[in-house]
Amino acid sequence: MQDYSSGHSYKWYAAYTDSRAEKKVYKELGSKGIECYLPLKTVKRQWSDRIKTIESPLIPGYIFVCVSNKEYYEVLLTAGVRRYVCFEGNPTPIPEKQIEDLKCFMQFLNEETQVTSERIRKGDAVRIVSGPLSGISGEVVEIRGKRCILLRFKDLGFCVHAELGTNNIELING
């Protein structure tokens, strides 16, 4: 885990992993004492003889790590890690608030809610006003009948969709 007393500055980064290696990388980084986060969703998979519920990465090929300069290269030396996600050739730190928002989102990923109003349209900017995601802003991507709407959360740095009832959101005046 993080040793803040050492004076090292810890930042979150996203790293690319080998295909289907996310869980193995997560376990290996944890055994090295490196703080990491792998958001998993529950999905049902059908084989020829059975249906099984498994945990699958929400964002395939990615893992999030919180490191200082001291651990930065240790992540790259881990089997299954390809490289850090970069913009303009430099690894880009992810604000801690965005990681916390993603963790909060993941806690309630599979909950079902009801759409209770017709006032929301595709493309509208909205803010969540109640529940565990309160305060997060997003864009309405799709309205699925009267059962759910899908939101895109740009603040998280990735396109993540959530099913929410309209009673949990408010329009943002643009």
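Anything mentioned here points back to the structure above.
Figured I'd write up the structure that's included with this text. (Residues numbered from 1 in each chain as written. Predicted model: local features only at pLDDT ≥ 70, side-chain atom pairs only at ≥ 80, totals over all residues. Heavy atoms only, no water.)

Here we look at the sheet that holds strand β1 (residues 11–17)
Reasoning step 1: Spatial strand order, β2-β5-β1-β6: four strands in an open sheet with antiparallel pairing. For this open sheet the edge positions go to β2 (35–37) and β6 (81–84), each flanked by a neighbour on one side alone. For this sheet, the mean inter-axis angle between neighbouring strands, taken without regard to orientation, is 35 degrees.
Reasoning step 2: As defined by bridge partners, β2 adjoins strand β5 (residues 62–67) across three bridges and the pair is classed as antiparallel. Following the sheet pairing, Cys36 is matched in β5 by Val65.
Reasoning step 3: Against the sheet, helix α1 (residues 22–31) touches β1, β2, β5 and β6, its axis set at about 15 degrees to β5. (Pairing = 2+ DSSP bridges. Helix = DSSP H or I, 4+ residues; strand = E, 2+ residues; numbered from the N terminus. Axes fitted to C-alpha atoms, helices over the stretch in contact; angles between N-to-C directions. Contact = heavy atoms within 4.5 Å.)

Focus on the pairing of β5
Reasoning step 1: Among the six residues that make up β5, six are buried, leaving the element largely enclosed by the rest of the structure.
Reasoning step 2: The pairing of β1 with β5 spans six bridges and is classified as antiparallel. Opposite Ala14, over in β5, you have Phe64 as the bridge partner. (Buried < 20%, exposed > 50% of the residue type's maximum accessible area, 1.4 Å probe, protein only.)

Overview of α1
Reasoning step 1: Those residues of α1 that fall on the buried side of the exposure criterion are Glu22, Val25 and Leu29. All buried residues of α1 fall inside an arc of 65 degrees around its axis, so they share one side. For α1, the exposed residues lying more than 90 degrees away from the buried face are Lys24, Lys27 and Ser31.
Reasoning step 2: On its buried side, α1 packs onto β1, β2, β4 (51–57), β5, α2 (69–76) and β6.
Reasoning step 3: One or two positions beyond α1, positive phi appears at Gly33, with a value near 80 degrees. (Arc of directions from axis to C-beta.)

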